Structure formats: C-alpha cells, structure tokens
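Structural overview for review
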Amino acid sequence: AQSVAQPEDQVNVAEGNPLTVKCTYSVSGNPYLFWYVQYPNRGLQFLLKYITGDNLVKGSYGFEAEFNKSQTSFHLKKPSALVSDSALYFCAVRAASGGSYIPTFGRGTSLIVHP
Amino acid sequence: DTAVSQTPKYLVTQMGNDKSIKCEQNLGHDTMYWYKQDSKKFLKIMFSYNNKELIINETVPNRFSPKSPDKAHLNLHINSLELGDSAVYFCASSQDRNDGYTFGSGTRLTVV
C-alpha cells in the first residue's frame, strides 16, 4: 500500500521569507512523487514531479522540492514566499513499478503567506 | 483555450434525482480520470480511462457510471443521488502514467 503524510494542516509564513511544506511517503520500491497546488474554487495545478535523477527538482512558480530517500520525504520549498502563493498544496505518491499507477494524495497543507 | 473543461460548474439537485457531469480535454491526452474531493479537501480517485477503456474502478457505488464516447471525453452519470454524494468532482487527464495530471476546475455538486 502507498500513503502520503502532510503533517501540517497549515503553514504560515511572512512574505519574502523562505517556505517549506512537508511531505513524507510510504511506498513499495521506488517512488514517483508529485506536488500540486489548489487555489480557492479551482482545480489542482501540477507543480513538479520526481521520477528519477537529481534529488532537487525545480517546478513552476519558483517552487522546488527535494527528494530524500533515507527520510522518505519530498518537501516543497520556495526561497521567497509571495502573498499569491497562499493556497492548498497537495503531495502525491505512487510506486514506480507494480501496483496501481494511480497516485495517492495527501490531505493537503494550507499555506498562508502574510504581507 | 481551456485544457480540461467540466460542465456544469455548480449543480444543486434533490435526493433521488439522476444527473450527469461532462468533461472534455483538448490536450490529446490518452488517459482521463474522475476524482471526488470531500468537504475536508480529501481527494479520492473514482475512475480512470485509457483510450476509452476503463482501467481503474475504485470502490464506488454502482450508482456512479462513467462513459467515454472518445478519448477526449469522460462523462460521469450519477443515479439516485444521495446527500453523501455532495462534493466537488474533478476531471483530470494525463498523457502517460508518469506525467502530472491536468485538472478541470471542478463541479460542485450539492444534494438537498
């Protein structure tokens, strides 16, 4: 079985400060990992993914995420937060091989960036 | 040009009614999905179609029936609506299994 934990329901950060949204996962074998963002009353938007290769993945809107196999983590980061980054962020995981190819989503973390 | 479009955006209906939600993607993707997002924002896969063929059918009541007339369309028909069906339903598509998904903007279904 595959699962994702986003341990924080909400993250608060001041504009201009770095932000981190945490994600840990459990999966058999190697993981494929994804981050999505959902703005109010909108669908999810794909930000970035880790399939293989460099552990630091860069994505849309200045976001990046670091894959850490030993800690089974895939935290989302941005060096300088914007008020417009305020949204709901979802981490998702699926096994690289075997099992369902449908990713399991975390429960989401609400990011609030204060002016 | 909306990549994945769903209609209607809002749907309010009475218990026991039958309703449909339509989804179309103009991205040329091979795979389409239906997700349900509950009031706590939890996302659950319902169905997955690949080139009009049903691939994934999670534990969903058989009152829910997807139909894919071609690979650009995946509609969701719901019979005998219940209060617990109230949620936001998202359609999504992807070119292949390793890609991120492109989601529609959602259909907010309210059953009264």
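Below, the structure is looked at part by part.

Rules used in this analysis
Residues numbered from 1 in each chain as written. Chains lettered and ligands numbered in written order. Predicted model: local features only at pLDDT ≥ 70, side-chain atom pairs only at ≥ 80, totals over all residues. Heavy atoms only, no water. Helix = DSSP H or I, 4+ residues; strand = E, 2+ residues; numbered from the N terminus. Rg over C-alpha atoms; globule rule 2.2 N^0.38 Å. Buried < 20%, exposed > 50% of the residue type's maximum accessible area, 1.4 Å probe, protein only. Contact = heavy atoms within 4.5 Å. Lys, Arg positive; Asp, Glu negative; His and termini not counted. Charge placed at Lys NZ, Arg CZ, Asp CG, Glu CD. Core = buried A, V, L, I, M, F, W, Y, C linked by side-chain atoms within 4.5 Å. Polar contact = N/O pair within 3.5 Å; in protein donor to acceptor, adjacent residues only side chain to side chain. Pairing = 2+ DSSP bridges. Disulfide = S-S within 2.5 Å. Salt bridge = Lys/Arg side-chain N within 4 Å of Asp/Glu carboxyl O.

Focus: the overall build of chain A
Counting its secondary structure elements, chain A contains 0 helices and 12 strands. Traced from its N-terminal end to its C-terminal end, chain A shows the element sequence β-β-β-β-β-β-β-β-β-β-β-β. A compact globule built from 115 residues would reach a C-alpha radius of gyration of about 13 Å, and chain A, at 14 Å, matches this within 12%. If you line up chain A on its principal axes, its C-alpha atoms span 45 × 30 × 20 Å. Relative to its 115 residues, chain A shows a buried fraction of 48%. When contacts within chain A are restricted to residue pairs at least 6 apart in sequence, long-range pairs at least 24 apart make up 58% of them. Averaging the coordinates of the 9 positive side-chain charges in chain A and doing the same for the 7 negative ones gives two points 8 Å apart.

A look at the nonpolar core
Residues and elements named next belong to chain A. Trp35, Leu47, Leu48, Phe74, Leu76 and Tyr89 are the most contacted members of the largest nonpolar core, which has 29 residues in total. Counting only elements with at least two residues in this core, the list comes to strand E2 (10–14), strand E3 (19–21), strand E5 (31–38), strand E6 (44–50), strand E8 (64–68), strand E9 (73–78), strand E10 (87–95) and strand E12 (109–114). Ranked by the residues each element gives to this core, the list is headed by E10, at 5 residues. For Tyr89, the residues in contact, after removing those within four places along its chain, are Gln6, Val21, Trp35, Tyr36, Val37, Leu47, Phe63, Leu76, Gly108, Thr109 and Leu111.

Quick notes on the side chain of A:Gln6
All names here are of chain A. The residue Gln6 is located in the loop between strand E1 (3–5) and E2 in this model. At 3.0 Å, the side chain of Gln6 and the backbone nitrogen of Cys91 are in polar contact. There is a polar contact of 3.1 Å between the side chain of Gln6 and the side chain of Thr109.

Some remarks on the environment of A:Thr109
Residue and element names in this part refer to chain A. Among the secondary structure elements, Thr109 is positioned in strand E12. Given the relative accessible area of 0%, Thr109 is considered buried. Between the alpha carbons of Thr109 and Phe46 there is a distance of 15 Å; along the sequence they are 63 residues apart.

Let's talk about the pairing of E6(A)
Residue and element names in this part refer to chain A. A large share of E6 lies buried, amounting to 5 of its 7 residues. Two elements, E5 and E6, share 6 bridges in a ladder whose sense is antiparallel. Pairing of Gln38 across the sheet is with Leu44, part of E6. Here E5 folds back onto E6, and the loop between the two strands holds 5 residues, one of which, Asn41, carries a positive phi near 60°.

Some details on the state of the cysteines
Tallied over the entire structure, the rule returns 2 disulfides over all chains. Here A:Cys23 connects covalently by a disulfide to A:Cys91, the sulfurs 2.0 Å from one another. Measuring handedness by torsion sign, the sulfur bridge of A:Cys23 and A:Cys91 sits at about -60° and is left-handed. Taken together, the residues span a long stretch of sequence, with A:Cys23 in the loop between E3 and strand E4 (24–26) and A:Cys91 in strand E10 at a distance of 68 residues. Relative accessible area serves as the criterion here: at 0%, A:Cys91 is assigned to the buried category. Across the disulfide from B:Cys23 sits B:Cys91; the S-S distance is 1.9 Å. Between B:Cys23 and B:Cys91, the S-S torsion sits near -75°, and that sign places the bridge as left-handed. Note that B:Cys23 is positioned in strand E3 (residues 19–25) and B:Cys91 in strand E9 (residues 87–94), a separation of 68 residues in sequence.

Some thoughts on the pattern of salt bridges
Under the defined criterion, the tally for this structure stands at 7 salt bridges over all chains. Across the pair A:Lys58 and A:Glu64 runs a salt bridge, and its minimum N-O distance is 2.9 Å. For A:Glu64, a relative accessible area of 18% translates into the label buried. With a shortest N-O distance of 3.5 Å, B:Glu82 and B:Arg63 are connected by a salt bridge. On the criterion of sequence distance, the pair formed by B:Glu82 in the loop between strand E8 (73–78) and E9 and B:Arg63 in the loop between strand E6 (53–57) and strand E7 (64–70) is long-range, its members being 19 residues apart.

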